[in-house]
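Read off the chains here:
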Amino acid sequence: MASPQIITVSGLPGSGTSTACDTLCEKLGWAYVNAGRIFRELAEESGLTLAEFGERAEVDGRIDRQLDERILVQAKDQAPIVVEGRLTGWMASRSGLVTLKVWLAATPEVRAERVVQRESKSAAQALEELRAREGSEARRYEEFHQIDISDLSIYDVLIETDKTDPNAVVALIISRLKSA
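Please read these numbers as outputs of a predicted model, since none were measured by experiment. (Residues numbered from 1 in each chain as written. Predicted model: local features only at pLDDT ≥ 70, side-chain atom pairs only at ≥ 80, totals over all residues. Heavy atoms only, no water.)

Visitor: It is not clear to me how the pattern of salt bridges should be interpreted in this structure. Could you clarify?
Guide: Between side chains of opposite charge, pairing is possible as soon as their charged atoms come close. Evaluated as defined, the whole model comprises 10 salt bridges. In this structure, Arg 62 and Asp 60 form a salt bridge, with 2.9 Å as the shortest nitrogen-oxygen distance. By relative accessible area, which is 16% here, Asp 60 ends up buried. A salt bridge links Arg 140 to Asp 64; the shortest N-O distance between them is 2.8 Å. Of the two residues, Arg 140 sits in helix α7 (residues 123-145) while Asp 64 sits in helix α4 (residues 61-78), which places them 76 residues apart along the sequence. In this pair, the class of Arg 140 matches that of Asp 64, namely buried. Connected through salt bridges with shared partners, the residues Arg 86, Arg 133 and Glu 137 form a single ionic network. (Salt bridge = Lys/Arg side-chain N within 4 Å of Asp/Glu carboxyl O. Buried < 20%, exposed > 50% of the residue type's maximum accessible area, 1.4 Å probe, protein only. Helix = DSSP H or I, 4+ residues; strand = E, 2+ residues; numbered from the N terminus.)

Take a look at the structure:
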């Protein structure tokens with residue numbers, strides 16, 4: 001089997017995916033595509049605010065399919081590449097791409113604290129917003145993709161990031177990539 005030329009990194013908000021992806025790309029010299037950035041591009045192309053576009057995505061499955069297609073095209077065209085996004089592991093798994101699929105996890109409290117560090121809001125407010133966003137996304141993923149976001153069985157690597165240094169997280173991913 002060929003060595004993976006695509007690493008997908010998924011996790012809930014605040015789990016450390018962006019930090020891991022930035023460091024992975026720096027260490028490996030690989031390209032990087034971020035689903036959130038593409039989602040923002042699609043919102044701009046539609047002439048909607050991010051919030052408006054997010055609300056539309058909750059009722060229009062075509063938006064997620066458009067996002068998925070754009071991500072897959074970039075992943076195939078730019079490999080070797082690190083692809084960050086909540087469903088990128090699922091997309092890669094369903095598309096048959098040779099990938100290393102990583103899920104990063106952290107407790108809701110740790111994730112909320114990380115969000116507080118990058119945004120000006122209280123921990124309670126961040127935790128409430130995370131839970132609302134995750135509930136909305138879980139319903140959308142189930143309805144439009146038939147994906148239970150809590151089903152982690154498709155991932156090759158599961159890493160708890162609560163007490164794991166970001167460099168150690170990246171070292172674990174690279175070690176697994178080399179052994180794939």
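That shown, we press on.
Visitor: Sorry, what's going on with the sheet that holds strand β3 (residues 81-84) here?
Guide: By definition, the strands of a sheet pair up through backbone hydrogen bonds, in either a parallel or an antiparallel sense. As summarised here, the arrangement of the 5 strands in space is β2-β3-β1-β4-β5, forming an open sheet in which the pairing is parallel. Edge strands, defined here as strands with exactly one partner in the open sheet, are β2 (31-34) and β5 (157-160). Taken pair by pair, the neighbouring strands of this sheet meet at an average axis angle of 20°, ignoring direction. Here strand β4 (residues 99-105) runs beside β5; their pairing, made up of 4 bridges, is parallel. Paired with Trp 103 across the strands is Leu 158, a residue of β5. Here α4 sits on the sheet in contact with β1 (6-11), β2 and β3, set at roughly 165° to β3. Lying over the sheet, helix α5 (residues 88-95) contacts β1, β3 and β4, oriented at roughly 140° with respect to β1. (Pairing = 2+ DSSP bridges. Axes fitted to C-alpha atoms, helices over the stretch in contact; angles between N-to-C directions. Contact = heavy atoms within 4.5 Å.)

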